[in-house]
Amino acid sequence: MGLRIYFTSVITENDAKLMSEIQQLETLMQHLNLSKDNETLLAAIQHLTNLNDKLSSDNEKLRRDYNNLTVQLGDLTQNYTVLESKITNLTTDVQNLTTGNLQLETQRKNLTKRIQDMEKNWNELNVSRAQWSIDAYCPKTSNVRQCNACLKGWLTTNSQATNCYAYNNPFPPDQKTWEEARENCRGKRSDLVVVNSQEEQV
């Protein structure tokens, strides 16, 4: 009867140890599982950390690029404003030059017309002078021209003289200065002279 109790006690003790070992194994397994989970989490955290570092680096690069682009945009805007101002000024200059060219063209046409009129008047005057010279030196008498050495009213000293003279000795109220008298003579296609030759003074 006592022997049976002993075996029962041994079995019970062994069962208790076995249960204790099983519990320890379960605890160890739990720790092992937690360790694996921790390793997985740590790996995930490291991956996220690396990803965060990369995103931070990319974000910093994007920020620098944005700042550079902002500066470039400011420069381009300023240059555009300057160019726009220059274009406006050039447009005004072109308009002024166009207006000036039109005015010059009008003046050129007016001057050309005046020159043409003057040339026409000059030609007519030359014809008139030529006709006057013919009529003055070769007047018509009964449709016959008789040419003379001097104009009517002008004198020549003798048949061999090559000069014609018109004497004018007005009274003091009508007398002229030398310059005025000479201008009057030139208007008659002659000149004011002083005769020093004794032959021509006769």
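This structure is a prediction, so every number in the text was calculated from the model and none was measured.

**Side note on the overall build of the chain**
Next up, step 1: When helices and strands are counted, the chain shows three helices and two strands.
Next up, step 2: For the chain, the succession of helices and strands along the chain, N to C, is α-β-β-α-α.
Next up, step 3: Expressed as a percentage of its 202 residues, the buried residues of the chain come to 4%.
Next up, step 4: Accessible surface, the chain as shown: approximately 18300 Å² in total, 57% of it carbon and sulfur.

**Quick notes on the side chain of Ser-190**
Next up, step 1: Its place among the elements puts Ser-190 in the loop between α2 (178–186) and α3 (198–201).
Next up, step 2: Engagement of the side chain of Ser-190 in a polar contact is seen with the backbone oxygen of Cys-185, the distance being 2.8 Å.
Next up, step 3: Apart from residues lying up to four places away in sequence, Ser-190 is in contact with Trp-154 and Cys-185.

**So, the state of the cysteines**
Next up, step 1: Scanning the entire structure with this criterion turns up one disulfide.
Next up, step 2: There is a disulfide in this structure between Cys-138 and Cys-147, and the S-S distance comes to 1.9 Å. Handedness of the Cys-138-Cys-147 disulfide follows from its S-S torsion of about 110°: it is right-handed.
Next up, step 3: The exposure class assigned to Cys-147 is partly exposed, which follows from its relative accessible area of 47%.

**So, the pattern of salt bridges**
Next up, step 1: Here the structure, examined in full by the defined rule, presents seven salt bridges.
Next up, step 2: One salt bridge connects Arg-108 with Glu-105, and the closest N-O pair in it is separated by 2.6 Å. Within this pair, Arg-108 and its partner Glu-105 are both found in helix α1 (residues 2–137), separated by three residues, close to a single helical turn.
Next up, step 3: Overall, Arg-108 belongs to the partly exposed group, its relative accessible area being 46%.
Next up, step 4: Judged by relative accessible area, Glu-105 falls into the partly exposed class, the value being 32%.
Next up, step 5: For Asp-117, the salt bridge is made with Lys-113, and the minimal N-O distance between the two is 3.0 Å. Here Lys-113 and Asp-117 lie together in helix α1, a separation of four residues that amounts to about one turn.

**Concerning a nonpolar patch on the surface**
Next up, step 1: A cluster of nonpolar side chains, contributed by Leu-18, Met-19 and Ile-22, occupies part of the molecular surface with about 260 Å² of accessible area.
Next up, step 2: Mapped onto the elements, Leu-18 comes out in helix α1.
Next up, step 3: Taking the relative accessible area as the measure of exposure, Leu-18 reaches 46% and is therefore partly exposed.

**Digging into unusual backbone geometry**
Excluding glycine, residues mostly carry a negative phi; peptide bonds, for their part, are mostly trans.
Next up, step 1: Of note, Asn-143 is a non-glycine position whose phi angle comes to about 60°, a positive value.
Next up, step 2: Residue position: Asn-143 is located in the loop between β1 (140–141) and β2 (144–145).

**What to know about the environment of Cys-150**
Next up, step 1: Note that Cys-150 resides in the loop between β2 and α2.
Next up, step 2: Between the C-alpha atoms of Cys-150 and Ala-166, which are 16 residues apart in sequence, the distance is 9.7 Å.
Next up, step 3: Those residues in contact with Cys-150 that sit more than four places away from it in its chain are Tyr-137, Leu-155, Thr-156, Asn-163 and Cys-164.

**Some words on the environment of Trp-132**
Next up, step 1: Mapped onto the secondary structure, Trp-132 falls in helix α1.
Next up, step 2: Judged by relative accessible area, which is 41%, Trp-132 ranks as partly exposed.
Next up, step 3: Ignoring any residue separated from it by four or fewer positions in sequence, one finds Trp-132 in contact with Leu-151 and Arg-189.

**Looking at the confidence of the model for the chain**
Next up, step 1: The share of residues in the chain with pLDDT of 70 or more is 84%, and the mean pLDDT across the chain is 80.
Next up, step 2: This model gives residues 1–7 a pLDDT under 50, and the stretch forms zero contacts once residues within four places in sequence are excluded.

The rules we used
Residues numbered from 1 in each chain as written. Predicted model: local features only at pLDDT ≥ 70, side-chain atom pairs only at ≥ 80, totals over all residues. Heavy atoms only, no water. Helix = DSSP H or I, 4+ residues; strand = E, 2+ residues; numbered from the N terminus. Buried < 20%, exposed > 50% of the residue type's maximum accessible area, 1.4 Å probe, protein only. Areas by Shrake-Rupley, 256 points an atom, 1.4 Å probe, with all protein chains shown as cover. Polar contact = N/O pair within 3.5 Å; in protein donor to acceptor, adjacent residues only side chain to side chain. Contact = heavy atoms within 4.5 Å. Disulfide = S-S within 2.5 Å. Salt bridge = Lys/Arg side-chain N within 4 Å of Asp/Glu carboxyl O. Patch = residues over 30% accessible without salt bridge, like charges linked within 9 Å, V, L, I, M, F, W, Y side chains within 5 Å. pLDDT = per-residue confidence, 0-100.

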